[in-house]
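Below are the chains, spelled out letter by letter.
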Amino acid sequence: MKKTIKNVFALASLSATLLISSHVSAQSAAIVCPDYKRGPTNIIGERAGKKIQKALEEYNNDLIKEALDILYEIETKEPYDRAFTDNFIGKMLAGQEGKGGEALKYLKGSVDPKALNDSEHANTMRLVADLSMQEKEYEQAIEYYQKWMTFTCKEDPDIYTRMAQAYYETKKLPEMIEPTDKAIALYEEPNKNPYVLKLQSFYERKMYKETVEVAEELVRIFPDNKQWWSQLGFFYMLVEDYKKALSTFEIAYNKGYLSKKSEIKALAQLYATNDIPYKAAVVLEKHMNEGLIEKDENTYSSLANSWHQARDYKKAAGYYEKAAGVNSDADYYRKQGILLHAAEDYKGALKALQKALDSGADQEGRIHLTMMEAHIYTGNFKQAIVHVKEAKKHSNTSRNARAWEPYIREKAKNNGIRL
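Since the model is a prediction, treat every value here as computed from it, not as a measurement.

Draft legend 1. Layout of the overall build of the protein chain. When you go through the protein chain residue by residue, the secondary structure sums to 23 helices and zero strands. Its C-alpha atoms give the protein chain a radius of gyration of 38 Å, more than 25% over the compact-globule value 22 Å for 419 residues. Projected onto the principal axes, the alpha-carbon positions of the protein chain cover approximately 130 × 45 × 35 Å. Looking at the 419 residues of the protein chain, the share that counts as buried comes to 44%. Considering only intrachain contacts with a sequence separation of at least 6, the fraction spanning at least 24 residues in the protein chain is 51%. When the accessible surface of the protein chain is summed, it comes to about 22300 Å², and 47% of that surface belongs to carbon and sulfur atoms.

Draft legend 2. Up close: the environment of Asp130. Structurally, Asp130 is set in helix α7 (residues 118–134). Asp130 sits twelve residues away from Ile142 along the chain, and the two C-alpha atoms are 9.5 Å apart.

Draft legend 3. Structural context of unusual backbone geometry. Of note, Lys171 is a non-glycine position whose phi angle comes to about 65°, a positive value. You can see Lys171 is positioned in the loop between α9 (157–169) and α10 (177–186). A residue is classified by how much of its surface remains accessible, and Lys171, at 53% relative accessible area, is exposed. Phi angles above zero are rare outside glycine, and Arg311 is one such case at about 65°. The exposure class assigned to Arg311 is exposed, which follows from its relative accessible area of 64%.

Draft legend 4. Highlighting the packing of helix α21 (residues 364–377) against helix α22 (residues 381–391). Running from N to C, α21 and α22 cross one another at 165°; their axes reach a closest spacing of 8 Å. Of the possible angle classes, the one that applies to α21 and α22 is roughly antiparallel. Relative to α22, α21 is oriented so that their crossing is left-handed. Across from Gly365, His368, Leu369, Met371, Met372, His375 and Ile376 in α21, the residues of α22 making contact are Phe381, Gln383, Ala384, His387, Val388, Glu390 and Ala391. Partitioning the contact of α21 with α22 into residue classes produces eight nonpolar, five polar and one charged.

Draft legend 5. How the structure looks around the layout of surface pockets. Of the pockets and cavities examined, the second largest pocket occupies roughly 250 Å³. Together, Gly45, Glu46, Arg47, Ala48, Lys51, Glu73, Ile74, Glu75, Thr76, Lys77, Glu78 and Asp81 line the second largest pocket. Sort the elements by how many residues they give to the lining of the second largest pocket and helix α3 (residues 46–60) lands first, with four residues. A breakdown of the residues in the lining of the second largest pocket according to their chemical character gives two nonpolar, two polar and eight charged.

Draft legend 6. Up close: the pattern of salt bridges. In this structure the tally under the stated criterion is 25 salt bridges. We note a salt bridge from Asp181 to Lys198, for which the minimum N-O separation is 2.7 Å. Separated by 17 residues along the polypeptide, Asp181 in helix α10 and Lys198 in helix α11 (residues 192–204) bring together distant segments of the chain. One salt bridge in this structure joins Glu405 and Lys392, with 3.0 Å as the shortest N-O distance.

Draft legend 7. How the structure looks around the side chain of Thr85. In this structure, Thr85 sits in helix α5 (residues 79–94). In this structure, Thr85 is in contact with Ile52, Leu71, Ile74 and Thr76, ignoring residues within four places of it in sequence.

Draft legend 8. Examining α9 more closely. Taking 1.5 Å of rise per residue, 13 residues should cover 18 Å, and α9 covers 18 Å from first to last C-alpha, within 8% of that figure. Judged by how many residues are buried, α9 sits mostly within the fold: ten of 13 residues are covered. Within the sequence span of α9, burial applies to Pro157, Ile159, Tyr160, Thr161, Arg162, Met163, Ala164, Ala166, Tyr167 and Tyr168. The distance from a side-chain oxygen at the start of α9 to the backbone nitrogen of Asp158 is 2.7 Å, and the residue carrying that oxygen is Asp156. Looking at the residues trailing α9, positive phi occurs at Lys171, about 65°.

Draft legend 9. Molecular detail of the packing of α11 against helix α13 (residues 226–238). Their axes nearest at 14 Å, the elements α11 and α13 cross at an angle of 20°. On the basis of their axis angle, the class for α11 and α13 is roughly parallel. Once α11 is placed against α13, the crossing between them reads as left-handed. Counted together, Lys192, Val196, Leu199 and Tyr203 of α11 and Trp228, Gln231, Phe235 and Leu238 of α13 form the full contact between these two elements. The residue makeup of the contact of α11 with α13, split by class, is six nonpolar, one polar and one charged.

Calculation rules
- Residues numbered from 1 in each chain as written.
- Predicted model: local features only at pLDDT ≥ 70, side-chain atom pairs only at ≥ 80, totals over all residues.
- Heavy atoms only, no water.
- Helix = DSSP H or I, 4+ residues; strand = E, 2+ residues; numbered from the N terminus.
- Rg over C-alpha atoms; globule rule 2.2 N^0.38 Å.
- Buried < 20%, exposed > 50% of the residue type's maximum accessible area, 1.4 Å probe, protein only.
- Contact = heavy atoms within 4.5 Å.
- Areas by Shrake-Rupley, 256 points an atom, 1.4 Å probe, with all protein chains shown as cover.
- Axes fitted to C-alpha atoms, helices over the stretch in contact; angles between N-to-C directions.
- Parallel < 35°, antiparallel > 145°, perpendicular 65-115°, else oblique.
- Left-handed = near helix turned anticlockwise from the far one by under 90°.
- Nonpolar A, V, L, I, M, F, W, Y, C, P; charged D, E, K, R; others polar.
- 1 Å grid on protein atoms, 1.4 Å probe; cavity = no way out; pocket = protein on both sides within 12 Å on 5 of 7 lines; lining within 4 Å.
- Points joined across faces, edges and corners; volume = space filled by probe spheres on them.
- Salt bridge = Lys/Arg side-chain N within 4 Å of Asp/Glu carboxyl O.
- Expected span 1.5 Å × (residues − 1).
- Polar contact = N/O pair within 3.5 Å; in protein donor to acceptor, adjacent residues only side chain to side chain.

Purely geometric numbers; function is a separate question.
Structure (structure tokens):
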């Protein structure tokens, strides 16, 4: 915004000849109202003009303070001379760091009486609005943008976008929609800014359905901007449309648009939510190995769960072991043991389940029953009966344990083993 103000000032400060000459540009250039009639063209008085000429010479030599001192001393009787002088002062101050507030005072003083020529009046109203935005005087910015449009009968998409931004800064979120829609309609080439402002208005008012619709437009109009794909995916998740969320993230991933940890985790989560655990595991594992996803308890646990759902029990057990290794969590050891048992790795299962017991795992009775089965399958009936006795001590497994006991004793007897 500051660069814009300086450019406006530079364009306004022509040569000394143009400033004090009667050969001014046609006033009608800034006005497009159908019933507009050009008013009289005012020129600066001779006495004030001489001082303005001198001030401009100082300005052109980069002697800003000296130029301003000359302008401050000008005394005028004619309204146009006063307005023109204040306008010149305001534009000079607008180009200086930290002088925005003071510049506004002079610029408003020059434009409010409507003493300037029509073209100057229109340009200064817009400058006041732009400078008000820079100085965070948002209500004033809206006021002068509206005055500029009323006076000139012009509709400018940049102005509507700035008005929407000003409404946002003042937390008038519903008022943002009309200017953003007008800006969108007026831009010859699509501009992302009014769409983003419109999206913010809906999102901050928790109007998520409308937020999704704007995000869909952003993806449709700006398909090469990876940011909008990711945001649309997250918005679909927000409204619990997980199929569309997955489709969006998957397309973005295949295009190479997903590069953030949160995005990859979201994609993996969506695969899992949509019952595609294998892809969930593959994506998470790939980016963990590449270093994007941290190797921590949560990641290991998520991988274990996904591989479990994909029925790769060995891999799942391996990740539960890694998760358990972070803080010796007994439940991870228990899950590792059960999965190794399912994979028919009975020795590995027994080792993991014993670690679960040693670490204070819950569900002790069920653990003993699983260990009992592992010992049966490995022909160790003496240890199987030990775990049956332990399982009988727990109310939730006592009945099953009693049912297993005669079977174990019979198998041991048939194999010539005394228990």
